[in-house]
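Results of the structural survey
Single-letter residue listing:
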Amino acid sequence: MAMVPQILTERLCLRGHLEKDHPAATALWQHPDVYAFITGAPLSSQDVWMRLLRYGGLWDMLGFGYWAVEERATGRYIGQLGFADFKRGLLGFDGHYPEAGWVLHPGAAGKGYATEGMVAACQWLDQQEGRERSFCIISADNPRSKRVAAKTGYRFALTTSFGEEETAVYFRERSTVRPPAPPT
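Residues numbered from 1 in each chain as written. Predicted model: local features only at pLDDT ≥ 70, side-chain atom pairs only at ≥ 80, totals over all residues. Heavy atoms only, no water.

**Some remarks on the environment of Ala168**
Mapped onto the fold, Ala168 is located in strand β8 (residues 165-173). Classification of Ala168 by relative accessible area gives buried; the value is 10%. Remark: the alpha-carbon pair of Ala168 and Leu158, spanning ten residues in sequence, is separated by 5.9 Å. For Ala168, the contacting residues outside a window of four places in its chain are Cys136, Ile137, Ile138, Phe156, Leu158 and Thr159. (Helix = DSSP H or I, 4+ residues; strand = E, 2+ residues; numbered from the N terminus. Buried < 20%, exposed > 50% of the residue type's maximum accessible area, 1.4 Å probe, protein only. Contact = heavy atoms within 4.5 Å.)

**Some words on the packing of helix α1 (residues 22-29) against helix α3 (residues 45-62)**
Orientation of α1 relative to α3, taken along the N-to-C sense of each, is 115 degrees, at an axis distance of 9 Å. Judged by the inter-axis angle, α1 sits roughly perpendicular to α3. Taken as a pair, α1 and α3 cross one another with a handedness that is right-handed. Facing α1, whose interface residues are His22, Ala25, Thr26 and Trp29, α3 presents Ser45, Val48, Trp49, Arg51, Leu52 and Tyr55. For the contact of α1 with α3, a count of residues per class yields six nonpolar, three polar and one charged. (Axes fitted to C-alpha atoms, helices over the stretch in contact; angles between N-to-C directions. Parallel < 35°, antiparallel > 145°, perpendicular 65-115°, else oblique. Left-handed = near helix turned anticlockwise from the far one by under 90°. Nonpolar A, V, L, I, M, F, W, Y, C, P; charged D, E, K, R; others polar.)

**Quick notes on the pattern of salt bridges**
Tallying each qualifying case throughout the model produces nine salt bridges. Here Asp21 and Arg15 are joined by a salt bridge, their closest N and O atoms 2.8 Å apart. The two residues Asp21 and Arg15 agree in class, both being buried. Its salt-bridge partner being Glu71, residue Arg76 comes within 3.3 Å of it at the nearest N-O pair. The network of salt bridges with common partners includes Arg15, Asp21 and Glu70. (Salt bridge = Lys/Arg side-chain N within 4 Å of Asp/Glu carboxyl O.)

Have a look at this one:
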């Protein structure tokens, strides 16, 4: 079983999901400001549970996945972010790159948490072999996520269809800024 790496930022702890996250994750996915841009409808408690189980499976199958986002100061679960390969079959590009995604409770919005967490997640991805590129899809009506994408290095590439909706695809290339190698 793959271990989910824990990442600490100044204000956040990115960690594997735990059973205790289920109530807070359910509240997150039932908030209109969250589901409006992603699922279009609130998720049931069972749907959220299946989502949390899927996140664990991503790490085992792909070596990357979604982290739970916890506020370090309070220990409060505030969302989830990371990478997946949902095999969406989007028109306009081929290749299976990690797809970035982030969702935070609206009560945590406007504090820079999504950017802080995604910068750390992208730095982690940059250290993984064979992960030179990732992408994200963002609804045209979601300016907050567009700002997070831009701040983390994602650049608009194309517009495609996802389901019945038009969505924008943004790509990010592996950072050219590499941390120094440890002394040998």
